[in-house]
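Residue-level structure breakdown
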Amino acid sequence: MKHLFIIILFVGFIFSCNTSTKPSEYIASSGPVVDNTCPTMDSIHFCKDKTDSFCSNIPLDVYFLGGNNGNFENGYSSVLTPDIQPSFDNFSWQSFVALNWASDASGNAIGSSITDYQDSLRVWERFTDASKVFSADHSELKNLKSSHPMAKVISQNSKVSNALNVNGFLEADDFPLIDKNLNFVVYEVKMNAVEEAYIASNNLTTKEDIYNYVHDSKTSIELPVNTTTKEGAIEIKASWRILDATKGDDLSKYYTQDATIYVSSENSVSGQSFTFKATIGLVGLHILRKTEKFQNWIWTTFEHVDNVPDNIQQAQTNQETNWSFYNSECLNCPVNQPPSHIFPRDITASNDTVYKWNTTAPYAKPYGVSIAGEADHKTFGTQVTRVYPVYYCTEQLNDLWQSKLSESGSVFANYKLIGTQWMVPTDGAPPAIKINAPSLLANTTAETYMQEGSSCISCHTFATVKYVTKSIDTTITTDFSFTFGYAQ
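Residues numbered from 1 in each chain as written. Predicted model: local features only at pLDDT ≥ 70, side-chain atom pairs only at ≥ 80, totals over all residues. Heavy atoms only, no water.

1. Observations regarding the pairing of strand S9 (residues 298-304)
Summarising burial for S9: 7 of the 7 residues are buried, a large majority. Taking every second residue as pointing to the same face, both faces of S9 are buried, with Ile298, Thr300, Phe302 and His304 on one and Trp299, Thr301 and Glu303 on the other. The sheet contact formed by strand S8 (residues 274-289) and S9 spans 6 bridges and is antiparallel. Following the sheet pairing, isoleucine 287 is matched in S9 by threonine 300. Sheet topology note: the S9/strand S10 (residues 415-421) ladder contains 6 bridges and is antiparallel. The partner of histidine 304 across the bridge, within S10, is tyrosine 415. (Buried < 20%, exposed > 50% of the residue type's maximum accessible area, 1.4 Å probe, protein only. Helix = DSSP H or I, 4+ residues; strand = E, 2+ residues; numbered from the N terminus. Pairing = 2+ DSSP bridges.)

2. A short note on the layout of surface pockets
Roughly 490 Å³ of volume is contained in the largest pocket. Lining the largest pocket are 23 residues, with Ile58, Gly107, Val123, Phe127 and Glu231 positioned closest to its centre. Elements that contribute at least two residues to the lining of the largest pocket include exactly helix H1 (85-99) and helix H4 (193-201). Sorting elements by how many residues they give to the lining of the largest pocket places H4 first, with 3 residues. When its residues are assigned to classes, the lining of the largest pocket shows 10 nonpolar, 8 polar and 5 charged. (1 Å grid on protein atoms, 1.4 Å probe; cavity = no way out; pocket = protein on both sides within 12 Å on 5 of 7 lines; lining within 4 Å. Points joined across faces, edges and corners; volume = space filled by probe spheres on them. Nonpolar A, V, L, I, M, F, W, Y, C, P; charged D, E, K, R; others polar.)

3. Focus on the pattern of salt bridges
Overall, the coordinates contain 15 salt bridges when judged by the stated rule. Lysine 404 serves as the salt-bridge partner of aspartate 52, at 3.8 Å between the closest nitrogen and oxygen. Here lysine 404 lies in helix H7 (residues 392-407) and aspartate 52 lies in the loop between strand S2 (19-21) and H1, a separation of 352 residues in the sequence. We classify aspartate 52 as exposed; its relative accessible area is 52%. Two residues, lysine 466 and aspartate 473, come together in a salt bridge whose shortest N-O distance is 2.8 Å. Salt bridges sharing partners connect three or more residues here, namely Glu303, Asp310, Arg386, Glu395 and Lys416. (Salt bridge = Lys/Arg side-chain N within 4 Å of Asp/Glu carboxyl O.)

4. Section: unusual backbone geometry
The step from alanine 361 to proline 362 runs through a cis peptide bond, and the omega angle for that step is -5°. Note on placement: proline 362 falls in the loop between helix H6 (312-317) and H7. In this model, alanine 437 is joined to proline 438 through a cis peptide bond whose omega is -10°. Relative to the helices and strands, proline 438 resides in the loop between S10 and helix H8 (456-460). Notably, tyrosine 117 is not glycine yet its phi reads approximately 50°, a positive angle. Positive phi values are uncommon outside glycine, yet leucine 182 reaches one of about 65°.

5. A word on the nonpolar core
Ranked by internal contacts, the top residues of the largest apolar core, which has 65 residues, are Trp93, Trp124, Phe276 and Trp357. Among the elements that line this core, the one with the most residues is S8, at 8 residues. Judged by nonpolar contacts, the second largest core, of 31 residues, contains Val133, Tyr211, Phe484 and Ala487. (Core = buried A, V, L, I, M, F, W, Y, C linked by side-chain atoms within 4.5 Å.)

6. Quick look at the state of the cysteines
Inspection of the entire model under this criterion finds 3 disulfides. Residue pairing for cysteine 38: its cysteine sulfur links by disulfide to cysteine 393, the two sulfurs lying 1.7 Å apart. The sign of the S-S torsion, about -95°, decides the handedness of the disulfide formed by cysteine 38 and cysteine 393: left-handed. Here cysteine 393 lies in helix H7 and cysteine 38 lies in the loop between S2 and H1, a separation of 355 residues in the sequence. On the basis of relative accessible area, cysteine 38 is assigned to the buried category, the value being 2%. Residue class for cysteine 393 comes out buried when judged on its relative accessible area of 1%. A sulfur-sulfur separation of 1.9 Å characterises the disulfide bridge that pairs cysteine 330 with cysteine 333. Torsion about the S-S bond of the cysteine 330 and cysteine 333 cystine: about 95°, corresponding to right-handed handedness. Summarising the burial analysis for this pair, cysteine 330 and cysteine 333 share the class buried. (Disulfide = S-S within 2.5 Å.)

Next comes the structure, spelled out in structure tokens:
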């Protein structure tokens, strides 16, 4: 039995339904070019219980692969090195597999293999929408939910309250991403039950409640870390694109959902809301985890292997891969440039900063790019390239996990870890300096236009809630979490 899954787009609302997954043979987009094997590759574990098989048990913290019974030696620093980084990357892969395990209605993992119950929602998909936790759903969305009581609803709030949260079909910088088929990418944000319970038990669902909690208790917001039996706070940010087999998309290579997409009147070129059905494929996944050892969170990001080429010259020479966000036909398309909000057909609408959907596919065609003298005047979507390479040890680890997933026939073999960012509380002698390792990290589907300076930790340091009344004007830090930006 499939699950209804509806996506809502209301300036930033998503409402989604129904899941299906098909295993496929793993086809790597590109392999790592390395001369050295990272020293801890022979000691990785595919399960937190140190077994050689995948499991649904999510790791509670990072297990150091270099020895000392899994514990880090005293005095280590947060620095990108081949003897330390694989421990964090392996933690990321273990988390990715466990969170993408099939689940029952209560969110518990089911089945003995990651390929069991392929029509069931994944564990992370049972997490609660951030907008729901903060009661931020728009009235139109609430009405839609009430008319579909059995539906799994994914909703996003407007970014007005916080300018650094992905929503609906806009990235963190307020620009949309357009795929090769000239359709918008859509997003969702979720949190696990641990984080949701902390917010509910401390009555932190409105800006006033957050202010009162911090003011009255004389404490700051500190989201939970793991215990010996239970994970700490987890947040998920997912990127999806509309798939179309007639345009060359191979649906068997993606984790997919059958979706009904609702577009609000504000985001419709006609000025009237409308809905349509589509199959959407997962193209990006941020996993944010707070643990006892790493209370500045561990920041993990995955992408589909066919998102963008790692080498654009190879992509130009060998055009076999059907990239989602790069088209080799357009030699001089501007790279990593956001689409103008102004329709080419209505250049006078300079004050209109709302991106609008066509009522028929391709839904983002007005924002496409064409280059005079190239490709017979064809129109292209966002031309995306990766600014920084994937760390070579990360790529070696990707090969091991992807090969293992391919052997089991899992569609998740077609996803790759881009990187894991972390930091220790203090580094070196006083005064302590906090350093990100690696320094920068970006997902091409969520930080497309700011890859050059994108850092998960540095960005989320600015996660705050601003509370203003006639007598109060204060800013409250929210423990690296932008989800509190949904509070009204």
